[in-house]
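# Coordinate analysis (summary)
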Amino acid sequence: MTVILWSLRRVLAALVTLIGVSVLIFASVRLMPGDYTDLVLGPLATEAQRAQAVAASGLDAPIVEQYFRWVGGVLTGDLGYSFVSNVSVSEEFAARLPVTATIAAITIVVTLVIGIPLGFASALRSGGSAGAAGKLLSALGISLPEFLLAGLLVFAVSTLGLGLSVGQFAPFAVDPGRFFGSLVLPIVVLSVGCVAVVARNTRDAVLNVLVEPHVQAAVARGETPLSIVRHHVLRNAAAPILTIVGALVAVLLGGTVIVEFVFNVPGMGSYLQTALGRRDYAIIQAAVLLAAMVFILAALVVDLVSNALDPRLRLTGGSRR
Amino acid sequence: MRKRTRIGVAIGTVALLTATGCSAASAPAPAATSEEVAPGFLAVADSAAPAGGELVVQVDYDTAEASGLDPQGAATARSWMLEGLVYETLTTIDENLEVAPGLATSWETASDTEYVFTLADDAVFSNGRAMTADDVVGSIQRLIDNPVTWTGQLGPVASVAATGAGEVTVTLSEPYTPFLAALANTPAAILPMSEIASGEVDITQEMLGTGPLVASAHRQDEQWTFVPNEHHPDAADLGFSSLTIDIVGDEATRAAALRDGSADLAILNSTDSAALLTSASDVRVATQRNTDFHYLMINSIGGDPALTDEGVRFAINSAIDRATINDLVFGGSASASGVTPVSLPDSCDPADLPSADRDLAAATSAIDAVGGLELDLLVYTDEPVLAQIAQVIQQNLAEIGVDVSIEQLDYATYSGRVYSDPSDFDLALSWFAGYADPAMVTTWWSPALAGFSSVYMSGSPELDELIATGASAQPGDDRADAFAQLCSLADEQSEMVPLVLRPSIIGWNTGSLSPSISSDEGYGDVLRRITEFRAG
């Protein structure tokens, strides 16, 4: 199979997945118990008020028509309007996505810079105490709930100071210093888990490569550890590491709900969280679709890059084993 | 050593926070105070305190109304509070929950049904136009012509007319005692009617009132910014340069903001927060009594078939220990209440209710007669104390042979199960706003009038009659007697069971803010006395 044909098939599969996901998102949102009119009008509202609110939000149209209206809007860049604020969802995304993207980007950089070397070190010293310590730290980092760490940091920072504040967010254009200052704690919380995940996966990937015959042969030939890593391990371990990093990018960009909520950062996660509570369909649908698109795109990019690094993947449909 | 102790405290605190919601049975006594610094006040602004700074207030959620920013469509206490910064009403409520002059400097009642209001001559909308009698007439007429929740609370208004320069007369079709109290809430605000009529202002998108502040920016669920209304009589004396309302969903984050000084005042939800803030020397946490109260719905229509039996419902009602709820959930800062909020004049005494005896043997017998009961109890997660109240009820009902499983739901799911037709629950907890007149909340006990309760309760003609009597009776013994009968009958029928009052927990930074906060509140308006606040 040629590279171009293989890549086209991957892109086509991604598009089909996206269409399926859009149906699932739309159906799931509408199947959620309770609806927006109950929430914004309250139990005291009259039937006439409810009917008026339903008509005003377009929810009185047949469900299929609502779906195609939504998809049509998305294709033309119209993500709809919030039922509550009547503000364009696209406009809100434009304000909030950069916040989440900044958190995600810095977290990924921190994760790569710390997690991959940590994973390599842990694998290369897997028999010793350093390897065991790395394994233990990874397990701890993965198991530590974000809300717990975030709550601890909120209290610690407000008690000890440390030059940070939980309520200091300001848009980048207004005050870059406060903008980045307000992102420090969310990034710390997210990085702990991401570093642990990447370190653990890197360790496993490297250990898998280290037992390959060609690596054993290199060891027998007397190649130095550095040479073995550079020539035999890095390239072969890259695909699984890339896969997990791609997934992290997608998760982080899709919305970091807990940290944004706890640290009061107005990003995509807190926006989605509030919308979910109010059943604000336009926001929920758009935010989840965006997350799905990022996820599918990240998986596609990982596939293509992995393929470039290891052409054997093309022959096995993406799996080497 | 000190640092280590602090970190230890931090870890312990997080553990405590994590446990919140499942610790009712062992909840510590709160550190929030309800001690008055002056009669009727938890705090009185010091006129000598520094002023002119930016005032930052953190609240847990934003307004969310289908009618946007139109104050007449405001259905929740949060909307009343925030929109009340911009709008003013003919009457207001003083620190004793008594009706006081607002935009109407005085009024005369020629009869039980006629009210003649004299309007303030210095009321000016923030666009610089003076308020007129036509604005008052138009605002009340608009509320009547476009029925919203508050229209019902306004009572039987037959006519409203300008009867002189700066004078408006309202005639009721029958006596309605809560009328003046109903005029005191934000939905009855006086609107700029000529600007609305001309289309100059879309009142659902832009607020334009005579209040002390003007909303200069708003991002839904994120932040409000208010600046002084330069035309307001108190503008020159306002103790701050701007007011920012931050919407911060997480309770611990609001508490942290008080501690680190990034918020001057914050609304808290849990009495535990006060305990968490005891180490912050410049933070004061106070409990403001509200006329609001928590109540239990016992679904006699769509719930367990046994709940159609009044005896079974009463058994459940009488097994609930209000004193324990008050002690464990509210640290003793609340009080048991009947249908009429206990803190208002003429209200019924909860100790006189039939269920107050807590005859557990009789209750057990009633439950045994139906072979025991397994019931679900729905609470929503936005209001953490509901889960704690539910735990106490669960323990109380276990004593009489009722096995209760608590379901914690997000509000949308809760709302769908409780208020949809058919309803889908056995027991559910919620709260009612108590307002400032004991007759106002009684309406909700009539499914015919309330509407929303008709899917889970039947009510009765006798109860409806007592509700009507209470609304028309003049304050005094007769009215107190009507309320006592109403409370007793509702208690016996046990379809909606009042439990305890629902206080507001307010924290503020004493180093940066000198506020005025009354001890009691009827409309959830913590910022009612914002013009007296001084922020340095």
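Keep in mind that what you see is a predicted model, and the values were worked out from it rather than measured.

Here the focus is the overall build of chain A. Looking only at helices and strands, chain A has 14 helices and 0 strands in total. N-terminal to C-terminal, the α/β element order of chain A is α-α-α-α-α-α-α-α-α-α-α-α-α-α. Each principal axis of the C-alpha atoms in chain A carries an extent, and together these give about 85 × 60 × 35 Å. Evaluated residue by residue, chain A yields a buried proportion of 46% over its 321 residues. Residue pairs at least 24 apart in sequence account for 73% of intrachain contacts in chain A once pairs closer than 6 positions are excluded. Only carbon and sulfur atoms are counted for the fraction: they give 71% of the accessible area of chain A, which is about 15200 Å².

Attention shifts here to the overall build of chain B. When its secondary structure is counted, chain B shows 16 helices and 23 strands. A compact globule built from 536 residues should have a C-alpha radius of gyration of about 24 Å, and chain B, at 24 Å, falls within 12% of that. In terms of overall dimensions, chain B has a C-alpha envelope of 70 × 70 × 40 Å along the principal axes. Within the span of chain B, comprising 536 residues, buried residues form 59% of the whole. For chain B, long-range pairs separated by at least 24 residues make up 72% of all intrachain contacts whose partners lie at least 6 apart in sequence.

A few words now on the UniProt feature "domain: Solute-binding protein family" (unreviewed entry) in chain B. According to UniProt, the feature "domain: Solute-binding protein family" (unreviewed entry) maps to residues 98–445 of chain B in the numbering used here. This span, residues 98–445 of chain B, is 28% helix and 26% strand, and a straight line between its end C-alpha atoms measures 24 Å.

Further remarks concern the domain arrangement of chain A. All names here are of chain A. Domain annotation for chain A reports domain 1 (1–88) and domain 2 (92–295). When each unit is reduced to the centre of its C-alpha atoms, the spacing between domain 1 and domain 2 is 30 Å. Facing 24 residues of domain 1, the contacting portion of domain 2 comprises 17 residues. Summed over both partners, the interface of domain 1 with domain 2 comes to about 1800 Å²; 70% of that surface belongs to carbon and sulfur atoms. If you look at where domain 1 meets domain 2, you find 0 salt bridges. The interface formed by domain 1 and domain 2 contains 5 residue pairs in polar contact (both at pLDDT 80 or more). When its residues are assigned to classes, the side of domain 1 that touches domain 2 shows 17 nonpolar, 5 polar and 2 charged.

Spanning 36 residues, helix H5 (residues 89–124) of chain A covers 49 Å between terminal C-alpha atoms, matching the ideal 52 Å at 1.5 Å per step. At A:Arg96, H5(A) shows its strongest bend, of approximately 35 degrees, with the proline A:Pro98 following within four residues.

It is common to give the size of an interface as the accessible area lost on bringing the parts into contact. Taken together, the contact pairs 43 residues of chain B with 36 residues of chain A. Note on chain B versus chain A: buried area summed over both sides is about 3400 Å², and carbon and sulfur give 62% of it. Taken together, the connections running from chain B to chain A amount to 4 salt bridges. A:Glu92 is paired through a salt bridge with B:Arg219; the nearest N and O atoms lie 2.8 Å apart. Scanning the region where chain B abuts chain A turns up 7 residue pairs in polar contact (both at pLDDT 80 or more). Broken down by secondary-structure element, the contributors of at least two residues to the side of chain B that touches chain A are helix H1 (2–19), helix H7 (251–260) and helix H13 (411–419) of chain B. Considering every element that reaches the side of chain B that touches chain A, the biggest residue donor is H1(B), with 8 residues. Considered class by class, the residues forming the side of chain B that touches chain A number 21 nonpolar, 12 polar and 10 charged.

All names here are of chain B. Pairing in this open sheet of 8 strands is mixed, and the strands run S9-S10-S11-S2-S12-S19-S13-S22 from one edge to the other. Since the sheet does not close on itself, it has two edges, and those belong to strand S9 (213–219) and strand S22 (520–521), each with one partner. Here strand S13 (residues 283–290) runs beside strand S19 (residues 504–509); their pairing, made up of 6 bridges, is antiparallel. By the bridge assignment for S19, Ala286 is matched with Ile506. Here H7 sits on the sheet in contact with strand S2 (53–59), strand S12 (265–268), S13 and S19, set at roughly 155 degrees to S12.

Moving on to the state of the cysteines. Residues and elements named next belong to chain B. The final tally for this structure, using the stated rule, is 1 disulfide over all chains. A sulfur-sulfur distance of 2.1 Å marks the disulfide that ties Cys348 to Cys487. Torsion about the S-S bond of the Cys348 and Cys487 cystine: about -75 degrees, corresponding to left-handed handedness. One end of the pair, Cys348, is in the loop between helix H10 (322–330) and helix H11 (360–369); the other, Cys487, is in helix H16 (residues 477–493), with 139 residues separating them in the sequence.

On to the nonpolar core, then. Counting 154 residues, the largest nonpolar core has B:Leu296, B:Trp445 and B:Tyr456 as the members making the most contacts within it. With 7 residues, helix H12 (residues 384–398) of chain B is the largest single contributor of residues to this core.

Here the UniProt feature "transmembrane region" (unreviewed entry) sits at residues 12–32, 103–124, 136–159, 179–199, 237–263 and 283–305 of chain A. Between the end C-alpha atoms of residues 12–32 of chain A the distance is 30 Å, and the span holds 95% helix and 0% strand.

Attention now moves to the side chain of A:Arg203. All names here are of chain A. Inspection of the secondary structure puts Arg203 in helix H8 (residues 176–210). Note on Arg203: relative accessible area 9%, which makes it buried. Among the polar contacts made by the side chain of Arg203, one reaches the side chain of Ser122 at a distance of 3.0 Å. If we ignore the near neighbours within four places in the chain, the residues touching Arg203 are Gly119, Ser122, Ala123, Ser126, Gly131 and Lys135.

On to the environment of B:Pro438, then. Residues and elements named next belong to chain B. Looking at the element boundaries, Pro438 is found in the loop between strand S17 (427–432) and helix H14 (447–450). Looking at Pro438, the relative accessible area reads 1%, which means it is buried. With 97 residues separating them in the primary sequence, Pro438 and Pro341 have C-alpha atoms 6.1 Å apart. Those residues in contact with Pro438 that sit more than four places away from it in its chain are Thr340, Pro341, Leu344, Pro345, Ser347, Arg479 and Phe483.

This paragraph deals with a negative patch on the surface. Where like charges cluster on the molecular surface, the negative patch consists of B:Asp121, B:Asp122, B:Asp234 and B:Asp237. In this fold, B:Asp121 is placed in the loop between strand S6 (114–119) and helix H3 (133–145).

Turning our eyes to something else, we now look at the pattern of salt bridges. With the rule as written, the count across this model stands at 28 salt bridges over all chains. Among the ionic pairs, B:Asp410 bridges to A:Arg279, the shortest N-O distance being 2.9 Å. Taken together, the residues span two chains, with B:Asp410 in the loop between strand S16 (402–409) and H13 and A:Arg279 in the loop between helix H12 (268–278) and helix H13 (281–309). The exposure class assigned to A:Arg279 is buried, which follows from its relative accessible area of 4%. Among the charged side chains, a salt-bridge network with shared partners connects A:Glu92, A:Arg96, B:Arg219 and B:Glu222.

Reading guide: rules and limits
Residues numbered from 1 in each chain as written. Chains lettered and ligands numbered in written order. Predicted model: local features only at pLDDT ≥ 70, side-chain atom pairs only at ≥ 80, totals over all residues. Heavy atoms only, no water. Helix = DSSP H or I, 4+ residues; strand = E, 2+ residues; numbered from the N terminus. Buried < 20%, exposed > 50% of the residue type's maximum accessible area, 1.4 Å probe, protein only. Contact = heavy atoms within 4.5 Å. Areas by Shrake-Rupley, 256 points an atom, 1.4 Å probe, with all protein chains shown as cover. Rg over C-alpha atoms; globule rule 2.2 N^0.38 Å. UniProt positions renumbered as here; feature names shortened; annotations may be inferred. Domains from an automatic or database assignment. Buried area = accessible area lost by both parts, 1.4 Å probe. Salt bridge = Lys/Arg side-chain N within 4 Å of Asp/Glu carboxyl O. Polar contact = N/O pair within 3.5 Å; in protein donor to acceptor, adjacent residues only side chain to side chain. Nonpolar A, V, L, I, M, F, W, Y, C, P; charged D, E, K, R; others polar. Expected span 1.5 Å × (residues − 1). Bend = angle between axes of the 7 residues up to and from the residue. Pairing = 2+ DSSP bridges. Axes fitted to C-alpha atoms, helices over the stretch in contact; angles between N-to-C directions. Disulfide = S-S within 2.5 Å. Core = buried A, V, L, I, M, F, W, Y, C linked by side-chain atoms within 4.5 Å. Patch = residues over 30% accessible without salt bridge, like charges linked within 9 Å, V, L, I, M, F, W, Y side chains within 5 Å. Lys, Arg positive; Asp, Glu negative; His and termini not counted. Charge placed at Lys NZ, Arg CZ, Asp CG, Glu CD.

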